[in-house]
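# Coordinate inspection notes
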Amino acid sequence: MKDIGIDLGTANVVIYVKGQGIVLNEPSVVAIDSETKKVLAVGNEANEMLGRTPGKIKAIRPMKDGVIADFEVTGAMLDHFIKKAIGKRLIKPRILICCPSNITQVEKTAIVEAAERTGARKVFIEEEPKVAAIGAGLDISKPSGNMVIDIGGGTTDIAVLSLGGIVNSESIRIAGNTFDSDIIKYIKDKHKMVIGDRTAEDIKKEIGSVYNNDKEEQMEVKGRDAITGLPKTITITQEELEPALKENAMKLVRAAKAALEQIPPELSADIVDKGIILTGGGSLLEGFPQLFKEELNVPVFVADSPLTCVAEGTGVLLDHLELLEH
Ligand code: ADP
Ligand code: MG
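Residues numbered from 1 in each chain as written. Chains lettered and ligands numbered in written order. Predicted model: local features only at pLDDT ≥ 70, side-chain atom pairs only at ≥ 80, totals over all residues. Heavy atoms only, no water.

Attention shifts here to helix H4 (residues 128-135). For H4, the tally of buried residues reaches eight of eight residues, placing the bulk of the element in the interior. Turning to H4, its buried residues number three or more, namely Glu128, Pro129, Lys130, Val131, Ala132, Ala133, Ile134 and Gly135. Taken from the residues just after H4, Gly137 is the one with a positive phi, measuring 90 degrees. (Buried < 20%, exposed > 50% of the residue type's maximum accessible area, 1.4 Å probe, protein only. Helix = DSSP H or I, 4+ residues; strand = E, 2+ residues; numbered from the N terminus.)

Dropping the structure here:
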């Protein structure tokens with residue numbers, strides 16, 4: 001018998017198999033033939049096709065923005081990943097799936113059904129912020145407040161947890177991808193150059209920052225001249241990019257502020273003491289901890305492995321699955 005945990009993210013799917021740990025970590029991308037609707041590739045392989053696909057091959061992110069854009073494709077993706085993670089042997093695993101906290105009941109049911117079709121014996125669904133907190137090593141079972149800000153690809157979840165449950169949570173559609181778009185827009189407006197999503201993400205990871213730290217990092221960027229249409233290379237600095245990223249980063253700060261204002265004062269007092277934990281790949285954008293700390297005046301920590309802590313959290317929960325049986 002194998003129990004598995006799945007972090008079904010807007011950007012990445014991470015799968016944890018009990019007794020083995022994390023066995024799969026791939027982008028949540030599916031390539032389909034737009035005429036026949038046939039699935040051509042999933043995950044890493046499909047990602048290679050993004051932005052480079054000829055006419056009739058379409059690469060899609062079915063979990064885009066934290067809502068399921070396409071039930072069928074999501075099902076096909078889950079099926080592919082589960083089979084890849086556990087092999088095609090005749091075992092009926094119990095599956096714990098973490099999904100973005102803003103999905104609807106209909107979407108939840110669709111995810112459960114898709115997982116059941118892969119042969120699962122039983123499917124459990126948990127909300128991502130709770131599992132992220134557990135994966136980041138927080139003890140959320142005590143009557144004491146914890147705050148988690150999970151910055152994913154499509155959504156940021158801000159949640160306050162206590163006594164094992166979510167006291168307050170909000171999901172915002174500003175996250176990792178938003179900063180990629182900000183970079184694309186900035187370079188287009190300022191340098192009259194067109195770049196693709198991948199390039200934007202590379203720039204973000206290499207020199208992106210949401211907090212002015214007086215570093216003088218810069219990067220050479222290749223793209224297409226917006227006016228002549230010809231290839232072009234420019235140099236971008238961290239400093240010039242920072243204001244372009246700061247605007248949306250501040251929206252996350254304001255949402256976190258609002259969340260702190262809405263919770264009972266005892267819980268805010270706990271958070272002032274213990275701080276906020278940042279999870280999700282988006283929290284790796286340089287300057288986020290400093291920005292939140294300065295603006296909210298509380299300690300801020302980034303989880304040890306922001307990209308995999310939800311999957312690791314499922315690993316912890318898999319040892320206590322009976323507690324999730326309702
Ligand atoms: P989701 O849970 O929505 O699938 P993830 O937690 O996997 O999202 O995070 C994906 C996001 O993290 C992407 O937008 C990606 O660009 C971003 N990301 C990953 N690594 C870094 C990094 N080193 N710096 C900045 N952003 C990063
Ligand atoms: Mg996530």
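Having seen it, we continue.
This part takes up the packing of helix H2 (residues 71-86) against helix H3 (residues 105-117). Two elements in contact, H2 and H3, have axes whose closest approach is 9 Å; the angle formed by their N-to-C orientations is 40 degrees. The chirality of how H2 crosses H3 is right-handed. Contacts from Phe71, Gly75 and Leu78 in H2 reach Val106, Glu107, Ala110, Ile111, Ala114 and Ala115 in H3. Among the residues making up the contact of H2 with H3, the classes are represented as seven nonpolar, one polar and one charged. (Axes fitted to C-alpha atoms, helices over the stretch in contact; angles between N-to-C directions. Left-handed = near helix turned anticlockwise from the far one by under 90°. Contact = heavy atoms within 4.5 Å. Nonpolar A, V, L, I, M, F, W, Y, C, P; charged D, E, K, R; others polar.)

With that settled, the discussion passes to the layout of surface pockets. Take a probe with the size of a water molecule and roll it over the atoms, and the empty space left behind shows itself. If you add up the space inside the largest pocket, you get close to 1,400 Å³. If you go around the largest pocket, you meet 49 residues; those closest to its centre are Ala11, Arg61, Asn177, Asp180 and Glu201. Where the lining of the largest pocket is concerned, the elements lending two or more residues are strand S2 (12-17), strand S9 (146-151), helix H5 (176-191), helix H6 (197-207) and helix H10 (309-318). For the lining of the largest pocket, the element with the highest residue contribution is H6, accounting for seven residues. Taken together, the residues of the lining of the largest pocket break down into 14 nonpolar, 18 polar and 17 charged. (1 Å grid on protein atoms, 1.4 Å probe; cavity = no way out; pocket = protein on both sides within 12 Å on 5 of 7 lines; lining within 4 Å. Points joined across faces, edges and corners; volume = space filled by probe spheres on them.)

Burial analysis of S9 places six of its six residues in the buried class, the great majority of the element. Neither face of S9 is left uncovered, since the one carrying Asn146, Val148 and Asp150 and the one carrying Met147, Ile149 and Ile151 both have all their residues buried. Relative to strand S10 (residues 156-162), S9 runs antiparallel, the two being bridged by six bridges. The residue of S10 that forms the bridge with Asn146 is Leu161. What sits between S9 and S10 in their antiparallel hairpin is a turn of four residues. Bridging between S9 and strand S15 (residues 276-279) involves four bridges; their strand directions are parallel. Each bridged residue has a counterpart across the sheet, and for Val148 the counterpart in S15 is Ile277. (Pairing = 2+ DSSP bridges.)

Membership of the largest hydrophobic core comes to 44 residues, with the highest contact counts inside it found for Met147, Ile187, Ile203, Phe288 and Phe292. The element best represented in this core is helix H7 (residues 238-262), accounting for ten residues. Once residues within four sequence positions are removed from consideration, Ile203 is found in contact with Ile183, Ile187, Ile195, Gly208, Met219, Val221 and Leu241. Counting residues in hydrophobic clusters, the runner-up holds 30 residues, among them Ile6, Leu24, Ala115 and Val123. (Core = buried A, V, L, I, M, F, W, Y, C linked by side-chain atoms within 4.5 Å.)

As a further point, take the packing of aromatic side chains. Under the criterion given, the structure shown has two aromatic pairs. Ring geometry for Phe179 versus Phe288: centroids 5.8 Å apart, planes at 75 degrees, classification edge-to-face. Taken as a pair, Phe179 in helix H5 and Phe288 in helix H9 (residues 288-296) lie far apart in primary sequence, 109 residues in all. For the pair shown, Phe179 and Phe288 are each scored as buried. (Phe/Tyr/Trp six-rings, centres within 6.5 Å; stacked < 30°, edge-to-face > 60°.)

Here Thr178 is to be found in helix H5. Owing to a relative accessible area of 16%, Thr178 belongs among the buried residues under this scheme. Separated by 23 residues in sequence, Thr178 and Thr155 place their C-alpha atoms 9.1 Å apart. Once residues lying within four places of it in the same chain are set aside, the contact partners of Thr178 are Arg173 and Asn248.

Looking now at the pattern of salt bridges. One pass over the structure, following the stated rule, counts 15 salt bridges. Across the salt bridge formed by Asp319 and Lys18, the nearest N and O atoms sit 3.8 Å from each other. Taken as a pair, Asp319 in the segment after H10 and Lys18 in the loop between S2 and strand S3 (21-27) lie far apart in primary sequence, 301 residues in all. In this structure, a network of salt bridges that share partners links the residues Lys215, Glu217 and Glu286. (Salt bridge = Lys/Arg side-chain N within 4 Å of Asp/Glu carboxyl O.)

Across the sheet, five strands lie side by side as S11-S10-S9-S15-S16; this open sheet has mixed pairing. The outermost strands of the open sheet, each flanked by one partner alone, are strand S11 (165-172) and strand S16 (300-302). Averaged over all neighbouring strand pairs, the angle between strand axes comes to 20 degrees, with direction disregarded.

This paragraph deals with the site of ligand 1. Near ligand 1 there are 18 residues, and of these Thr10, Ala11, Asn12, Glu201 and Lys204 occur at the shortest range. Separating an oxygen atom of ligand 1 from a backbone N or O atom of Ala11 is a distance of 2.7 Å. Within the side chain of Asn12, a nitrogen or oxygen atom sits 2.7 Å from an oxygen atom of ligand 1. Protein chains shield 90% of the accessible area of ligand 1, which is 580 Å² for the free molecule. At a threshold of 2 Å from the grid points, most atoms of ligand 1 map onto the largest pocket. Of all the elements in the fold, those that place two or more residues in the shell around ligand 1 are H5 and H6. In the shell around ligand 1, the residues fall into four nonpolar, ten polar and four charged. (Near = heavy atom within 4 Å. Polar contact = N/O pair within 3.5 Å; in protein donor to acceptor, adjacent residues only side chain to side chain. Areas by Shrake-Rupley, 256 points an atom, 1.4 Å probe, with all protein chains shown as cover. Sits in = over half its atoms within 2 Å of the grid points.)

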